[in-house]
Amino acid sequence: MNIFALIFGDLGPFSVGLAVVIGVVAGIVKGVVGFAMPMILVSGLSSIMAPELALATLILPTLATNGLQALRQGWRAALVSIRQYWVFLVVGGTALVVAAQFVRVLPQSLFFLIIGVPVVGFALLQLSRRGISLPSASRRVEAMVALVAGTMGGLSGVWGPPTAAYLTATNTPKAEQMRVQGVIYGLGSLALVLAHVQSGVLRTETLPLSAFMVVPALVGMAIGTAIQDRIDQVMFRRATLSVLLVVGLNLIRRGLT
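Residues numbered from 1 in each chain as written. Predicted model: local features only at pLDDT ≥ 70, side-chain atom pairs only at ≥ 80, totals over all residues. Heavy atoms only, no water.

**Side note on the nonpolar core**
The condition that has to hold: As used here, the term nonpolar core means buried Ala, Val, Leu, Ile, Met, Phe, Trp, Tyr and Cys residues forming a set that is joined through side-chain atoms within 4.5 Å. Partly exposed describes any residue whose relative accessible area lies between the buried limit of under 20% and the exposed limit of over 50%, with all areas from a 1.4 Å probe on protein chains only and scaled to the type maximum. Contacts are assigned to residue pairs that have any heavy atoms within 4.5 Å of one another.
Counting residues in each nonpolar core, the largest one holds 69 residues, and the members touching the most others are Phe 35, Leu 41, Leu 45, Phe 88 and Leu 244. Aside from chain neighbours lying at most four places away, what touches Phe 35 is Val 29, Lys 30, Gly 160, Ala 164, Gln 181, Tyr 185, Thr 240, Val 243 and Leu 244.

Next comes the structure, spelled out in C-alpha cells:
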C-alpha cells in the first residue's frame, strides 16, 4: 500500500483537495470566533466521505487548534479558566464520554434539531438587540448548558454552539471568551479522543487522515487569529452570533434531512 492510500484510503485527489480547503476555512472561522470548527468539518467532510470517517477526521485538528487557543495567553491564564469553569468541564466531559458510546446506535437527527432550533432563536434574538443576559455565576445554568454541549459533542463531535451561546449571554469579554472556549473545547477534545478510541471511531485506519488534517486547520487558524486581533468587542460579538446563526440553521437542516 502506498503512502497516499495509507493516509487517504479511497479518497481521490479532488476529494483530498476539497478536504484541505474545508480544513482551512474551518480554521479561519475558528481563529476569528473561537468555535465552529467541528461543525464545519463534519458538515463539509460528510459530503465526500462517510459520516463516521468525517467524525474521526475532525478529532485531531480539533484537539490541536483548541490546545493552541487555550494556551495563547499562557498556562496560568488557562488554569484560571479551568478553576472558574470547573462545573462546565466536569459535567460536559462526563456527558461527552457517556454519549460517545452510543454514537453508532442512536439517531443524531433529533439531537441536531434540539440544539439547532434554540441556537437559531438565541442568535436572532441577540442580533435584534432584544437579547438576554445570564448571570455568569449561575452554576445551575452552567451545568445544564454543559450537559447539552457534552451530549452533543459525544454524539457528533460538535459541542461549540451551546457553549458559545452561553458565553455570549454572560457577556464574556473577547479575550476571555476565546481563552475559555479553548480550555473547554480543548479538554473536551481530549475526552473526545479517549472516548472514540474506546468506541472504535478513531482507529488505525482513520488516524492518518485525522493527523493530516491538522496542517490545513492550523494554517486557517493562523489567518483567522490575525483577523480576530483586529476586531473590537462589538464586532466580535456580532461575528460570533452570525456564526451561531449559520451553524444553528445547518444543524436544523441536518436534523430534517
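Additional details are given in the paragraphs that follow.
**Some words on the side chain of Gln 181**
Where we set the bar: Strands are runs of DSSP state E lasting at least two residues, helices are runs of H or I lasting at least four, and both sets are numbered from the N terminus onward.
Within the secondary structure, Gln 181 is located in helix H10 (residues 174–199). Overall, the relative accessible area of 0% leaves Gln 181 in the buried class. Apart from residues no more than four positions distant in its own chain, Gln 181 is found in contact with Val 33, Gly 34, Phe 35, Gln 69, Ala 164, Leu 167 and Gly 186.

**So, empty space enclosed by the protein**
Unoccupied space between atoms shows up once a probe the size of one water molecule is rolled over them. What counts here: Here the term cavity refers to a set of points on a 1 Å grid, laid over the protein atoms alone, in which a 1.4 Å probe fits but cannot get out; the term pocket refers to an open set having protein on both sides within 12 Å along at least five of seven lines, with lining residues being those that place an atom within 4 Å of a point. Grid points are joined across faces, edges and corners, and a volume is the space filled by probe spheres set on the points. Only Asp, Glu, Lys and Arg are considered charged in this grouping, and only Ala, Val, Leu, Ile, Met, Phe, Trp, Tyr, Cys and Pro are considered nonpolar; every other residue, Gly among them, is considered polar.
Applying the stated criterion across every chain, the model contains 1 cavity of 30 Å³ or more. Estimates place the volume of the largest cavity at around 60 Å³. Along the walls of the largest cavity sit Lys 30, Phe 35, Ala 36, Met 37, Pro 38, Thr 62, Thr 65, Asn 66, Trp 159, Gly 160 and Tyr 185, which together make up its complete lining. When residues of the lining of the largest cavity are traced back to their parent elements, those giving at least two are helix H3 (37–45) and helix H4 (51–70). No other element matches H4, which puts 3 residues into the lining of the largest cavity. Of the residues in the lining of the largest cavity, the class split is 6 nonpolar, 4 polar and 1 charged.

**Points about the packing of helix H8 (residues 139–156) against helix H9 (residues 160–169)**
When two helices pack together, their arrangement is captured by the angle between the axes and the distance separating the axes. Heads up, the condition is: As a rule, the C-alpha atoms of each element are fitted with a line to give its axis, helices using only the stretch in contact, and angles between N-to-C directions run from 0 to 180 degrees. Angle categories are assigned with fixed cut-offs, so that under 35 degrees is roughly parallel, over 145 is roughly antiparallel, 65 to 115 is roughly perpendicular, and the rest are oblique. Crossings are sorted by hand: turned counterclockwise from the far helix by less than a right angle, the near helix makes the crossing left-handed, and turned clockwise it makes it right-handed.
Packing of H8 against H9 brings their axes to within 8 Å, and their N-to-C directions diverge by 160°. By the angle between their directions, the pair H8 and H9 is classed as roughly antiparallel. Crossing handedness for the pair H8 and H9: right-handed. Seen from H8, the contacting residues are Val 141, Glu 142, Val 145, Val 148 and Ala 149; seen from H9, they are Pro 162, Thr 163 and Tyr 166. Residue composition of the contact of H8 with H9, grouped by class: 6 nonpolar, 1 polar and 1 charged.

**As for the packing of aromatic side chains**
The test is simple: Put simply, two rings from Phe, Tyr or Trp (the six-membered ring, in Trp's case) pair if the centres are within 6.5 Å, and we call them stacked under 30 degrees between planes, edge-to-face over 60, tilted for the rest.
The tally for this structure, following the rule as stated, stands at 3 aromatic pairs. The interplanar angle of 50° and the centroid separation of 4.8 Å between the aromatic rings of Phe 4 and Phe 8 together place this pair among those described as tilted. Residue Phe 4 and its partner Phe 8 are both found in helix H1 (residues 3–8); the two are separated by 4 residues, about one turn of the helix. Of the residues examined, Phe 4 reaches a relative accessible area of 35% and is grouped as partly exposed. The class for Phe 8 is buried, based on a relative accessible area of 10%. Considering the side-chain rings of Phe 88 and Tyr 166, the 6.3 Å spacing of their centres and the 35° angle between planes classify their relative orientation as tilted. One end of the pair, Phe 88, is in helix H6 (residues 86–100); the other, Tyr 166, is in helix H9, and 78 residues separate them in sequence. Of the two residues, Phe 88 and Tyr 166, both sit in the buried class.

**Quick notes on the environment of Ile 227**
Mapping Ile 227 onto the fold places it in helix H12 (residues 214–228). Measuring from C-alpha to C-alpha, the distance between Ile 227 and Ala 123 comes to 22 Å, with 104 residues separating the pair along the chain.

**Remarks on H10**
For clarity, the cut-off: Each residue after the first adds 1.5 Å to the expected span of a helix.
Spanning 26 residues, H10 covers 36 Å between terminal C-alpha atoms, matching the ideal 38 Å at 1.5 Å per step. Taking burial as the measure, the 26 residues of H10 include 19 buried ones, the bulk of the element. Downstream of H10 by one or two residues, Gly 200 has phi in the positive range, about 95°.

**Focus on the pattern of salt bridges**
Worth spelling out the cut-off: In the sections that follow, a salt bridge refers to a side-chain nitrogen of Lys or Arg positioned within 4 Å of a carboxyl oxygen of Asp or Glu.
Enumeration over the complete set of coordinates arrives at 4 salt bridges. For the salt bridge of Glu 52 with Arg 203, the shortest nitrogen-to-oxygen distance reads 3.5 Å. Highlighted residues: Glu 52 in helix H4 and Arg 203 in the loop between H10 and helix H11 (207–212), separated in sequence by 151 residues. Taking the shortest distance from any N to any O, the salt bridge between Arg 72 and Asp 229 comes out at 2.7 Å. One end of the pair, Arg 72, is in the loop between H4 and helix H5 (75–84); the other, Asp 229, is in the loop between H12 and helix H13 (233–256), with 157 residues separating them in the sequence. Each member of the salt-bridge network shares a partner with another, and the members are Glu 52, Arg 203 and Glu 205.

**Brief notes about a nonpolar patch on the surface**
Worth spelling out the cut-off: Grouping into patches uses exposed residues only, defined as over 30% relative accessible area, and leaves out salt-bridged ones; the cut-off is 9 Å for like charges and 5 Å for nonpolar side chains (Val, Leu, Ile, Met, Phe, Trp, Tyr). With residues, only the protein chains shown are counted as cover, and all accessible areas are computed by Shrake-Rupley using a 1.4 Å probe.
On the surface, Leu 71, Trp 75, Leu 79, Ile 82, Leu 187, Leu 190 and Leu 194 cluster together into a nonpolar patch covering about 660 Å² of accessible area. Contributions of two or more residues to the nonpolar patch are made by H5 and H10. Within the element layout of this structure, Leu 194 appears in helix H10. The exposed category is assigned to Leu 194, whose relative accessible area is 58%.

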